[in-house]
Amino acid sequence: MPGPAFWNMRVLVEKSDRLLSEILAEGEFMPDMRCGGNGTCGRCRVTLVSGVWEAEGEIVSAPAEALACRTKLLSGPGEVDLVPIPGNGKISAEWNALPLPAKPETVIAVDIGTTTIAAVKIRNGEVTAKAGGFNAQSKYGDNVVTRIHYAGTDLAGLQNSVLDSIRPLLLQLGTEDVRRIAVAGNTVMTCLFHGLDPSGIGVLPFTPPARIFPERNDLFDEIPVLTVPCIAGYVGGDITAGLYETKLKPEEMLIDIGTNCEIVFHTEKGIFCTAAAAGPAFEGAGMGCGRRAVDGAIDHYSGNGKYTVIGNGKPDGLCGSGMVDFLAVERAAGHLNEFGRIQPKNECFEVADGVKIYECDIEQLLKAKAAVWAGIRTLESYVGAGAEKIYLAGGFAQYLNLENAVRIGMLPERKYEIVGNTSLAGAARLAVSPEIETDLEALIDLPRELPLNTLPGFEDNFIDGLLLN
Ligand code: FES
């Protein structure tokens, strides 16, 4: 039932000993639980409309504002207004890869992302339907580290969340004649999908509980489910799929820029892979104006009040591609110096009415772009050669202005090809041609994993990357 503002939802809550966030997470409208209920991100803030509550240890009578993850209803029923996790966003279900074999069976492929899930139905080698949604595991936090943390106490809850996020997509696509489903995702998502505890990925030497996953027929109405195998703790099945789809040749690199930037470099000396912790800044975390790629986010920015907004409405923040544009455009205009300081000195820069970027936000962006830069350059230095061509996979790259990403020193000047959601493409190929499973299992043993921070030059490259060119 819509609440008073068009983006708010009003929810009725019965008295309970449980936290408000736990109750809301079971319902239709889930608050943004970026820090997984640690009380640190402030994203789960709700308006208490009626009722008497205990919020952060204090007795509070409505109306008041409170963090859902720190609030319980003392006498009720109580009403709450919240901004739920947006359901309309850019969920990438496109890819540029070799055509799929035109087999008559109907199959479904699913890309399990930490934030979003994309699914496609395929018949005769063609995508006949698409569906996308958010991963309900977000109530456990918005990144793999918090998911690993909660797996220790609620592994079943994490598995059920992802299965419950996929089921409506399957329903939307229709499963009557579906012969098989194949899934791909990063290693933590893949383990949680199978109900395996990924705790080993959270500590050195980041060992996953499994890299190869058996066929299942107990998840979705006995439909056989295949899984793209994973390479390492932080280099998952999404990258295995990308490697298979791009047929990476010597001197070519594959990168998936996300919270965790996964990089694979095929060289004459072998295939090397690593992961750079870019952090969630490009996904909007830790910044007042940061947004995921959802309605209301500025996705492209060209300065002087010119920008485009996802959903074409009023902007309320910037997503990653908009932030890269902002750095490039305002640096070129002289409004940012090489250290990201606002010129002339000011505490913030207003990119649109009410959308302000502060210097502390810019610092987060510089660290994220420095991590990507350092990951690429350190790997190239280690093997002693620059990549001749770089394939950029994943949703973020699809909306990225490459020229701006090179201009700000996030990506080096190379030949690029944006390949889209190759994780979904690889899952699609496995669903259509299950016989490639053995090829995929052989593929995961080829890359040699290199821990980035132990490679020479990493720190210098990171420091170089902090500067705005
Ligand atoms: S402050 Fe409640 S989820 Fe982050």
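Here, every reference points to the structure presented above.
Below is a summary of the structure that appears in this document. Worth saying up front: this structure is predicted, and the values here are computed from it rather than measured.

When its secondary structure is counted, the protein shows eleven helices and 21 strands. Its C-alpha atoms give the protein a radius of gyration of 22 Å, near enough to 23 Å, the size a compact globule of 469 residues would have. In terms of overall dimensions, the protein has C-alpha extents of about 65 × 60 × 40 Å along its principal axes. Considering the protein as a whole, with its 469 residues, one finds that 56% of them fall into the buried category. Look at the contacts in the protein between residues 6 or more apart in sequence, and 65% of them connect residues 24 or more apart. Charged side chains in the protein number 40 positive and 60 negative. The centres of these two groups are separated by 2 Å.

Moving on, we come to the pattern of salt bridges. Under the criterion given, the structure shown has 16 salt bridges. Its salt-bridge partner being arginine 167, residue aspartate 164 comes within 2.7 Å of it at the nearest N-O pair. Pair noted here: aspartate 164 and arginine 167 are both in helix H2 (residues 144–173), with a separation of three residues, about one helical turn. Residues arginine 291 and aspartate 316 are paired through a salt bridge, measuring 3.5 Å at the closest nitrogen-oxygen approach. In this pair, arginine 291 sits in the loop between strand E13 (270–277) and strand E14 (297–303) while aspartate 316 sits in the loop between strand E15 (306–309) and strand E16 (317–318), placing the two residues 25 residues apart along the sequence. Here aspartate 316 falls in the partly exposed class, since its relative accessible area comes to 40%.

Across all of its chains, the model carries eight aromatic pairs by this definition. Relative to phenylalanine 326, the ring of tyrosine 301 lies with its centre 6.1 Å away and its plane at 50°, an arrangement referred to as tilted. One end of the pair, tyrosine 301, is in strand E14; the other, phenylalanine 326, is in helix H5 (residues 320–332), and 25 residues separate them in sequence. Assessed through its relative accessible area of 4%, tyrosine 301 is described here as buried. Looking at phenylalanine 326, the relative accessible area reads 0%, which means it is buried.

So, about the pairing of strand E7 (residues 116–123). For E7, the tally of buried residues reaches six of eight residues, placing the bulk of the element in the interior. Relative to E7, strand E6 (residues 106–112) runs antiparallel, the two being bridged by six bridges. Considered in E7, the bridge of isoleucine 112 is made with isoleucine 117. Between E6 and E7, which follow one another and run antiparallel, lie three residues. Pairing geometry for E7 and strand E8 (residues 126–134), over eight bridges, is antiparallel. Within the sheet, the bridge partner assigned to threonine 116 lies in E8 and is phenylalanine 134. Counting the residues that bridge the hairpin from E7 to E8 gives two residues, and of these asparagine 124 lies at a positive phi of roughly 50°.

Of note, glutamate 215 is situated in the loop between helix H3 (187–193) and strand E10 (225–227). The exposed category is assigned to glutamate 215, whose relative accessible area is 51%. Residues glutamate 215 and leucine 226 lie eleven residues apart in sequence; the distance between their C-alpha atoms is 5.0 Å. If we ignore the near neighbours within four places in the chain, the residues touching glutamate 215 are Pro224, Val225 and Leu226.

We now examine the nonpolar core. Phe326, Val351, Met410 and Leu411 are the most contacted members of the largest nonpolar core, which totals 56 residues. Examining the composition of this core, we find that ten residues originate from one element, helix H6 (residues 359–383), more than from any other. Ala182, Leu226, Cys273 and Leu430 belong to the second largest nonpolar core, which has 38 residues in total.

The strands making up a sheet associate through backbone hydrogen bonding, with each pair oriented either parallel or antiparallel. Strand order in this open sheet of five strands is E8-E7-E6-E9-E10, and the pairing throughout is mixed. Taken across any chain shown, the strands that pair with only one partner, and hence form the sheet edges, are E8 and E10. When the angles between neighbouring strand axes are averaged without regard to direction, this sheet yields 20°. Where E6 lies against strand E9 (residues 178–185), seven bridges are found, and the strand directions are parallel. Looking at the pairing, alanine 109 lines up with alanine 182 of E9. Packing of H2 onto the sheet brings it into contact with E6, E7, E8 and E9, and relative to E8 it is tilted by some 145°.

Definitions and cut-offs
- Residues numbered from 1 in each chain as written.
- Predicted model: local features only at pLDDT ≥ 70, side-chain atom pairs only at ≥ 80, totals over all residues.
- Heavy atoms only, no water.
- Helix = DSSP H or I, 4+ residues; strand = E, 2+ residues; numbered from the N terminus.
- Rg over C-alpha atoms; globule rule 2.2 N^0.38 Å.
- Buried < 20%, exposed > 50% of the residue type's maximum accessible area, 1.4 Å probe, protein only.
- Contact = heavy atoms within 4.5 Å.
- Lys, Arg positive; Asp, Glu negative; His and termini not counted.
- Charge placed at Lys NZ, Arg CZ, Asp CG, Glu CD.
- Salt bridge = Lys/Arg side-chain N within 4 Å of Asp/Glu carboxyl O.
- Phe/Tyr/Trp six-rings, centres within 6.5 Å; stacked < 30°, edge-to-face > 60°.
- Pairing = 2+ DSSP bridges.
- Core = buried A, V, L, I, M, F, W, Y, C linked by side-chain atoms within 4.5 Å.
- Axes fitted to C-alpha atoms, helices over the stretch in contact; angles between N-to-C directions.

These figures capture arrangement, not role.
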